[in-house]
Amino acid sequence: MPITTKVIQRPEPGRVSYLRAAFKGMALTLRHMVNPKTVTQQYPEEQTELHPRWRGTHVMEVHADGRPKCVACGLCPTVCPANCIRLVGGEDDQGNRYPIVFEIDEFRCIFCGMCQEVCPVEAIHVGRDFENAEYTRDRFVYDLDRLMQQDHPSTLLWDPSDPKGE
Amino acid sequence: MDPIAGVPLLVSTSLKIAIMFGVVMLTVAYTTLAERRISAFIQDRLGPNRVGPFGLLQPIADGLKNLIKEEADPGTASKFYFLLGPVLAMGPALVTFAVVPFAAPLPTPWGVVDMIIADVPIGILYILALSSLAVYGIVIGGWASNNKYAFLGALRASAQMVSYEVPLGLSLIVVFMMAGNVTLTGIVWEQQQLGFWFAFPLSLGFILFVVSAFAETNRLPFDMSEAESELITGFHTEYSAMKFSMFFIAEYAHMLTASALMATLFFGGWDLPGTWDNAYWYQGELIRGFDASGAPMAAAPAVWKTLLTFAAFAAKTGFFLLLYIWVRWTVPRFRYDQVMELGWKVMLPTALAYLMVVSATILVLDQVGISGFYFGLALTGVSAICTVAFVFFLDRGRIMVGAAAPRHGRVGPRPTFGRGAMSSEGATTGD
Amino acid sequence: MAKKTTKAGGAEAKKTTKAGGAKAKKDRGVAVEKVTLTIDGQELTVPRGTTLLQAAQDAGTEVPHYCYHPGLSSPAQCRLCLVEVEGAPKLLPSCTTTVADGQVVHTQSDDAIRMRRGVLEFYLLNHPLDCPICDQSGECDLQDHVFAEGREHGRGREAKRVLGRDDFGGDVLFYGDRCVMCTRCVRFMNEIEEKPLLTVVERGDRAVIDTFFDEGLEQSNWAGNVVDICPVGALVSKDFLHKARAWDLEHTDSICPNCSQGCNIELHTRDNLVHRMKPRTNLEVNGHWICDYGRGRYEWLNRGDRLEAPVVHAEERNTAMGWTAALEALKSRIDTLGESSVKAVVSPFWSNEDLGAVSRLVETLGGGSVVFRSPRAEEEITLPGYEGLARRKALAPNVQGAELLGCTRVGDDAAQGGLEDLMDHDGVVLVLGDALDDQPEGFAPNAALVVYLGAYTSSALASADFQFPVTTFAEQEGTFTNHAGRVQRFWPALSGPGAARPAWLVLGALLGALKEEEGPTRAEQAFGLVAKAVKSYKGLDYETIGAQGVLSAARVPVPGD
């Protein structure tokens, strides 16, 4: 839908009809008052279907054997504009580089999705989920295990060859 | 039939107080719900609909929450007056309803019970006196908070009170002239006898009363004392939990009283169109009118009449409550200077002039000897002319200027900002 | 500077580099024939014998290269530095082709770029492209060149060769897949270390660098340099493995603190911690190299047991204070003491500025002796291929500077003992930097005043009258004087903990208060005071010292050197 601009002229002084404007307003509000159509969504019962590129709570992809796909390359903490990713790399017993510590502070995160975009091994993703309320603040720092356990679908990346996602 | 007396009077009055208190409080509670739901409907939303069916238990949940909520106690507030504020605001709001008749008299085995808690002879003066007291609650609360926003709100409330009390009183005087009485039962009776609800013969008075009543109850578009965009929440900025709730209840109780007054003074109170439900104590007799010879005719009170008239009263009051809410969610807030200007430059002279016109008309009609239905009709015509003239002046923006338009008389280029203001041309146009 | 090493010409590069910085310096006065040529449209005049690659570098054009290294010979085998020379039938390797009069060189011509593109594609045929897990990522020449000039997608269909990784011993780990066979490491071992521990085995696409059977790089004291010169991530440091990404590290020019050679280094820091030390080229001191002994000893810069606030001992109690209050308390103590004899212990790990401030204070308080203790090794570890570079016996960076300031070395080779006469001293005892770890608690019980300026908490001085937190060399600006009397500057790489301040600043403020004059507020001013006091430093200031240091006028022999 194109964005249009509606220009409203200011009324000239001396020609302002205050009462008429007020009554017009009353009529308008009355029409809306009796109109049963509402825009409210009854949230827990009615759920919006999230768009394929909706960016929410992160997901860490895992290999078939349960290891995280992350190789601790350090690109996501580098690219992260909110500085919300903490990463300490290390070596596992098979000599593979892996993240000893991988934490995302969902509070600091601005959900720009750049971590997913930059990830060379498609390990970290932003996901199609926003229902991540918690009772304590520290629960919002997601560690590696928690990120791996997220089971919501991950966000699709923008495809330059199909810019409108059709 | 005889009026109720003695012990039954005591019992019936106590019962009426208890019942009406309950009804008023319940109405207030549900008006808050109505406010929220209607505002939601106006904005194409649903409003609170989670607590109970259709959200009907929401006011109870709100009340419970406010009762058990932790109260913030401002350290620099004046403790005693801080506490006194809400009490002073809520008390008068509740007791004013005592003199409003809400139904036709009810016949009982012990006598006829008036459907009014206290039919005091000073009637409306009692209401004026007490509702003026209510502003003390706001002023004291705002001052005692020791908060500059609260204090500004309180100042505005008192200034607004003073400004609109006068047109309110003046618009009531025309009613008194018509009724020849200040008791509300008398005013209802006169409207029944005239065959006209006063809203028609006193149309401009009704308009002035409605506007003044809006201002008196601090409702939008006159809620200067708690203008959120300017004063946080004005006089009750520092209040929380139940103390805030009491201010809130007071505001809605005021709305209820003002709506009941509009219904009673200008829309016949509990009167239903027609004459069969008339009832008035005349020289110890409950009468329904006078016959051609001037002899009183006895009224026939009945339980069904009481119930039906109460329904009529409730419907009228309910309509004005709806109007309050409706206006609030339509009309934006005035600027403070506009409120003052409207009060002193428009309302007061208009009310005075209208008082002159009405009294002159009544005098002329009395001299000519016209009374009854034609008296009302003539007055309706005169008032209609006044109303049209008033609206013409108002509507053309000659007296009231909408906030959107610049003050009239100012001609020339608008003040420019940005690049224009930086240029030498912009600098020379400023004076 | 690159010019100096190879003045004798590309063909003789090996010989020249072997001669090292000292010889290059001697050549300075000799007149060299100049030639004029055009590189990328820019005309420039360079000494005869300069290679095209160096000339291009002078002209501001970096020609991509792998096998060429300014400190090593050029085998011209990586084929990446090919440039177009007008009149030549083919592209010429710029690292070995020397300049000629009237040459017209194009480094960015279509042919040159096309050739580099092709060469890079070949390099990537077997390269695993594991940049995400490679420690070189971010400072990798292959990454940079492919990103700048390489193909977007490879065309190879064959499976890549997989070699896995190999432990070369010492601190060096070898990832064969990433290797581009530039043989810099092999040549370093052959030419500079002169101990051929590495070689190329197999041929063609099976060629791989390897050690000889059971012999690893652990025998070498200089093997860490092969990690530095490896243009890709084939040779990586075990110590640094997966520790930090190259782009996260901040680089600060500094001086190696682990012996009196004074090798120029860069401290690589992140999150206020030193993560590694890398050599910084200075042909007069260390060329492109540093030893493994120095490279591995940076952890002490990250020590956590630091003094963080001035502590004043009064009425059997230690009280932390602000600087003003603590210094005023010290000044009033000194005022009541009057003139007294001072015995001071300083640490040769502290800068000339700090040591100079101590000797000025000793002088002001009434004179006395300043001693220092420094660890010593049994023998030097030399680098045969680079004259003048060795791990020196004196294992502290500023022994020479302390000597020049009139301090006397005491104690044994482990930097212990030798403080007997301080223990019984009844005047003022002043300690800078040295935590006196070998001394018993309650050091100098008879002293009238004990002042400790140190970076670390000290058990011996826990009840000293005044304990002032000072910064280490990595946290402040200053100078060290190396074994040859070369004054070299370093810069702050870390921020000091808490209220720690440079010792010259603290002592300067105290001296200023005692003498009622302005103390130095910048390291430059503090060095100016030192230069005034020490004859050898005459005429030196931070500007003349610069980033590469300068030899002071007189060289004082270090004992045992």
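Residue numbering note: each chain is counted from 1, following its sequence as written. The order in which chains are written sets their letters, starting at A; the order in which ligands are written sets their numbers, starting at 1. pLDDT decides what is reported in this predicted model: residues at 70 or higher carry local features, side-chain atom pairs at 80 or more are listed and counted, and totals for whole chains, interfaces and linings draw on all residues regardless.

Participant: Can you tell me about the overall build of chain C, naming the residues and giving the values?
Facilitator: A tally of regular secondary structure across chain C gives 15 helices and 26 strands. A sequence separation of at least 24 residues applies to 64% of the contacts in chain C between residues at least 6 apart. Strands are runs of DSSP state E lasting at least 2 residues, helices are runs of H or I lasting at least 4, and numbering of each runs from the N terminus. Residues are defined as contacting one another if the C-beta atoms placed from their backbone atoms lie within 7 Å.

Participant: Explain the overall build of chain A to me, using residue names and the numbers behind them.
Facilitator: Counting secondary structure elements, chain A contains 4 helices and 5 strands. The burial tally for chain A puts 25% of its 166 residues in the buried class. Taking the intrachain contacts of chain A between residues at least 6 apart in sequence as the baseline, contacts between residues at least 24 apart amount to 74%. Here a residue counts as buried when 20 or more other C-beta atoms sit within 10 Å of its C-beta, as exposed when there are 12 or fewer, and as partly exposed otherwise, the C-beta atoms being derived from the backbone.

Participant: Describe the interface of chain A and chain C, listing the residues and the values that go with them.
Facilitator: Contact residues are listed per partner, giving 12 residues for chain A and 7 residues for chain C. Listing elements by their share of the side of chain A that touches chain C, those giving two or more residues are helix H2 (75-79) and strand S2 (85-91) of chain A. Here the side of chain A that touches chain C gets 3 residues from one element, more than from any other, and that element is S2 of chain A.

Participant: Give a description of the pairing of strand S15 (residues 317-320) of chain C that names residues and reports values.
Facilitator: Residues and elements named next belong to chain C. For two strands to be treated as a pair, DSSP must find at least two bridges joining them. Relative to S15, strand S14 (residues 311-314) runs antiparallel, the two being bridged by 4 bridges. Bridged to His313 within S15 is Asn318. Counting the residues between successive antiparallel strands, the hairpin from S14 to S15 contains 2 residues, one of them, Glu315, with a positive phi of roughly 55 degrees.

Participant: Could you give an account of the confidence of the model for chain A, naming the residues involved and the relevant values?
Facilitator: Caution applies to low-pLDDT parts of the model: their predicted coordinates are not meant to be read in detail. A residue's pLDDT is simply how confident the predictor is in it, with values from 0 to 100. Averaged over all residues, the pLDDT of chain A equals 86, while 93% of them reach at least 70. Within chain A, the element-level pLDDT minimum falls on helix H1 (residues 18-34) of chain A, averaging 84, and the maximum on strand S5 (residues 141-142) of chain A, averaging 93.

Participant: Any chance you could break down the sheet that holds strand S2 (residues 42-47) of chain C for me, citing the residues and the numbers?
Facilitator: Residues and elements named next belong to chain C. Pairing is mixed across the open sheet formed by 5 strands, whose spatial order is S2-S1-S5-S3-S4. Two strands close off the open sheet at either side, each with one partner strand: S2 and strand S4 (92-93). Relative to strand S5 (residues 104-106), strand S1 (residues 34-39) is paired through 2 bridges, and the arrangement is parallel. Within S5, the position partnered with Ile39 by the bridge is Val105.

Participant: Explain helix H11 (residues 336-368) of chain B residue by residue, including any values.
Facilitator: Residues and elements named next belong to chain B. Here the expected span of a helix is defined as 1.5 Å times the quantity of residues minus one. For H11, with 33 residues, the first-to-last C-alpha span of 46 Å sits near the 48 Å given by 1.5 Å per residue. One fitted axis covers the seven residues ending at a residue, a second covers the seven starting there, and the bend at that residue is the angle between these axes. Maximal helix bending in H11 amounts to about 30 degrees, located at Leu342. Of the positions making up H11, those classed as buried are Val339, Leu342, Gly343, Met347, Thr350, Ala351, Tyr354 and Val358. Directly beyond the C-terminal end of H11, a positive phi value near 95 degrees is found at Gly369.

Participant: Run through unusual backbone geometry, naming residues and quoting values.
Facilitator: Residue and element names in this part refer to chain C. A positive phi angle, near 55 degrees, is found at Glu194, a position not held by glycine. Within the secondary structure, Glu194 is located in the loop between helix H6 (184-192) and strand S8 (198-201). Taking the number of C-beta atoms within 10 Å as the measure of exposure, Glu194 has 13 and is therefore partly exposed. Even without being glycine, Glu516 reaches a positive phi, approximately 55 degrees. Of the residues examined, Glu516 has 6 C-beta atoms within 10 Å and is grouped as exposed.

Participant: Describe in detail the nonpolar core, supporting the description with residues and values.
Facilitator: Among soluble globular proteins, nonpolar side chains are generally buried collectively. Judged by nonpolar contacts, the single largest core of 148 residues is most densely connected at Val346, Val358 and Leu430 of chain C. No other element matches the 8 residues that helix H13 (residues 503-515) of chain C contributes to this core. Excluding residues that lie within four positions of it along the chain, Val358 of chain C makes contacts with Ala344, Val346, Val370, Leu430, Leu432 and Leu507 of chain C. Core analysis: the second largest hydrophobic core is formed by 113 residues, Ala89, Val175, Ile187 and Ala260 of chain B among them. Nonpolar cores are built from buried Ala, Val, Leu, Ile, Met, Phe, Trp, Tyr and Cys residues. These are joined into a set through C-beta atoms within 7 Å.

Participant: Residues and numbers for the confidence of the model for chain C, please.
Facilitator: Residue and element names in this part refer to chain C. In the predicted model, chain C carries a mean pLDDT of 88, and 93% of its residues have values of at least 70. Segment residues 1-26: pLDDT under 50, and 59 contacts once partners within four positions in sequence are set aside and those in other chains are kept. Our summary of model confidence lists the complex with pTM equal to 0.69 and ipTM equal to 0.73.

Participant: Explain the packing of H1 of chain A against helix H1 (residues 6-42) of chain B to me, and be specific about the residues and the numbers.
Facilitator: The geometry of H1 of chain A relative to H1 of chain B is characterised by a closest axis approach of 7 Å and an angle of 100 degrees between their N-to-C directions. The orientation of H1 of chain A with respect to H1 of chain B, classified from their angle, is roughly perpendicular. Between H1 of chain A, through Thr29, His32 and Met33 of chain A, and H1 of chain B, the contact on the second element is made entirely by Ile38, Phe41 and Ile42 of chain B. Residue type decides the class: Asp, Glu, Lys and Arg count as charged, Ala, Val, Leu, Ile, Met, Phe, Trp, Tyr, Cys and Pro as nonpolar, and the leftover types, Gly among them, as polar. Considered class by class, the residues forming the contact of H1 of chain A with H1 of chain B number 4 nonpolar, 2 polar and no charged. Axes here mean lines fitted to C-alpha atoms, for a helix over just the part in contact, with angles spanning 0 to 180 degrees between N-to-C directions. Between 65 and 115 degrees an angle is taken as roughly perpendicular, under 35 as roughly parallel, over 145 as roughly antiparallel, and anywhere else as oblique.

Participant: Pulling in residues and values, what's your account of the packing of H1 of chain B against helix H9 (residues 241-266) of chain B?
Facilitator: Residue and element names in this part refer to chain B. Across the interface, H1 lies against H9 with an axial gap of 9 Å and an inter-helix angle of 105 degrees. Taken together, the axes of H1 and H9 are roughly perpendicular relative to one another. Residues Val24, Thr27, Val28, Thr31 and Thr32 of H1 form the contact with H9, whose participating residues are Ile249, Tyr252, Ala253, Met255 and Leu256. Counted by class, the contact of H1 with H9 contains 7 nonpolar, 3 polar and no charged residues.

Participant: Report on the sheet that holds strand S5 (residues 296-298) of chain B, specifying residues and quantitative values.
Facilitator: Residues and elements named next belong to chain B. Taken in spatial order, the 3 strands line up as S3-S4-S5 in an open sheet, and their pairing is antiparallel. Two strands lie at the open edges of the sheet, namely strand S3 (280-282) and S5, each paired on one side alone. Within this sheet the neighbouring strands show an average axis-to-axis angle of 70 degrees, counted without direction. As defined by bridge partners, S3 adjoins strand S4 (residues 285-290) across 3 bridges and the pair is classed as antiparallel. From the neighbouring strand, Tyr280 faces S4, where its bridge partner is Ile287.

Participant: Go over the pairing of strand S9 (residues 208-211) of chain C with me, naming the residues and quoting the values.
Facilitator: Residue and element names in this part refer to chain C. Only one face of S9 is covered, namely the face carrying Ile209 and Thr211; the face carrying Val208 and Asp210 is uncovered. In this structure, S8 lies alongside S9, joined through 4 bridges in antiparallel fashion. The partner of Val200 across the bridge, within S9, is Ile209.

Participant: Explain the environment of Gly137 of chain B residue by residue, including any values.
Facilitator: Residues and elements named next belong to chain B. By the element assignment, Gly137 lies in helix H4 (residues 124-144). Once the C-alpha coordinates of Gly137 and Ala250 are considered, the two residues, 113 residues apart in sequence, prove to be 9.6 Å apart. Once residues within four sequence positions are removed from consideration, Gly137 is found in contact with Gly85, Pro86, Leu88, Ala89 and Ala250.

Participant: Residue-level account of the environment of Leu46 of chain B, with values.
Facilitator: As for its placement among the helices and strands, Leu46 of chain B is situated in the loop between H1 and helix H2 (58-68). Of the residues examined, Leu46 of chain B has 17 C-beta atoms within 10 Å and is grouped as partly exposed. Each C-alpha atom of the pair Leu46 of chain B and Arg36 of chain B lies 9.2 Å from the other, and the pair is 10 residues apart in sequence. Residues contacting Leu46 of chain B, with those up to four places away along its chain left out, are Thr38 and Thr40 of chain A together with Ala40 of chain B.

Participant: Tell me about the environment of Leu198 of chain C, residues and numbers included.
Facilitator: Residues and elements named next belong to chain C. On the secondary structure map, Leu198 appears in strand S8. Owing to 28 C-beta atoms within 10 Å, Leu198 belongs among the buried residues under this scheme. For the pair formed by Leu198 and Thr211, sequence separation is 13 residues and the distance between their alpha carbons is 4.7 Å. For Leu198, the residues in contact, after removing those within four places along its chain, are Cys185, Val186, Met189, Ile209 and Thr211.

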